[in-house]
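Listed here are the chains, written in short residue letters.
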Amino acid sequence: PATQASPAVTPSPAASPSVSPSPRPKVAPGCTASGTTVTVRGYVMDNFCIDRGTLLDAPSVQTLRNPELHSIHCLVDVSVCVNSGYAILERPTATIRSSIYQVKYQLSTADTLLVKDVANSERSRANRGMEVEVTGVDDGSLELKCVVLQRGFAVTSSGAAIEWAIAPSPSPTPTPSPAPTPSPAATPSPGQASPSVSPSSAAQASP
């Protein structure tokens, strides 16, 4: 007897993996800066300690060689350090001097104070080596614009690494102007005669 051919089985097309687009990083509300939106992570260092070359509270430590040894105390308590402003450092790469950190971005006065508040809020456990992850706009200048703090990193006094999410600062809500109050209509006093309108010459007395 003739052998019956098995029906050909058409393989189902392989399903393409669904790739969800990454959400675009958000910058500060009301941002008007133009440039590239970037997210960076790096050690926070005050410009005073950068300019002097060594850490103020650890003079034997070179600032841009060991920023992980920079204390939270020096970062937030010493006025000359806070007033000099903060910078975000870039880790050493193969294209620059291998063991020296570089200044990646400067922070504005307002953003410096935000970072200071974040570091100060973690004083109960953070001891040194403050890092932040931030999103902002690189407009080609050294200062990062429209900064939003994402995460913080530091080391405890026992040497344990810690990490925490940073809640966004709420945008100020404008206070609505009160609606104008209509002026009350003038009400004549009781007994006061309403002004009469003089008729035309037809109402005048005849001679």
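Overview of the structure. This one's a predicted model, so the numbers in the text were calculated from it and none came from an experiment. (Residues numbered from 1 in each chain as written. Predicted model: local features only at pLDDT ≥ 70, side-chain atom pairs only at ≥ 80, totals over all residues. Heavy atoms only, no water.)

1. Regarding the pattern of salt bridges
Oppositely charged side chains can form a pair if their charged atoms are brought close together. A full pass over the atoms with the stated rule returns 7 salt bridges. One salt bridge in this structure joins Arg-125 and Glu-122, with 2.6 Å as the shortest N-O distance. When its relative accessible area of 35% is taken as the criterion, Arg-125 is described as partly exposed. Using a relative accessible area of 14% as the deciding quantity, one classes Glu-122 as buried. Through salt bridges with shared partners, a single network forms among Arg-41, Arg-91 and Glu-131. (Salt bridge = Lys/Arg side-chain N within 4 Å of Asp/Glu carboxyl O. Buried < 20%, exposed > 50% of the residue type's maximum accessible area, 1.4 Å probe, protein only.)

2. Structural notes on unusual backbone geometry
One non-glycine residue with positive phi stands out, namely Cys-146, at about 55°. Along the chain, the position of Cys-146 falls in strand S7 (residues 145-155). Given a relative accessible area of 18%, Cys-146 falls into the buried group. (Helix = DSSP H or I, 4+ residues; strand = E, 2+ residues; numbered from the N terminus.)

3. Digging into the packing of aromatic side chains
The relation between two aromatic rings is expressed through the spacing of the ring centres and the mutual angle of the planes. Applying the stated criterion across every chain, the model contains 1 aromatic pair. Here Tyr-43 and Tyr-101 contribute two aromatic rings whose centre-to-centre distance is 5.8 Å and whose plane-to-plane angle is 70°, an arrangement assigned as edge-to-face. Highlighted residues: Tyr-43 in strand S1 (residues 36-46) and Tyr-101 in the loop between strand S4 (86-90) and strand S5 (102-106), separated in sequence by 58 residues. Of the two residues, Tyr-43 and Tyr-101, both sit in the buried class. Above the plane of the ring of Phe-153 lies Arg-41, whose end atom (NZ or CZ) is 3.6 Å from the centre. (Phe/Tyr/Trp six-rings, centres within 6.5 Å; stacked < 30°, edge-to-face > 60°. Lys NZ or Arg CZ within 6 Å of the ring centre and 35° of its normal.)

By themselves, these figures tell us nothing about what the structure is for.
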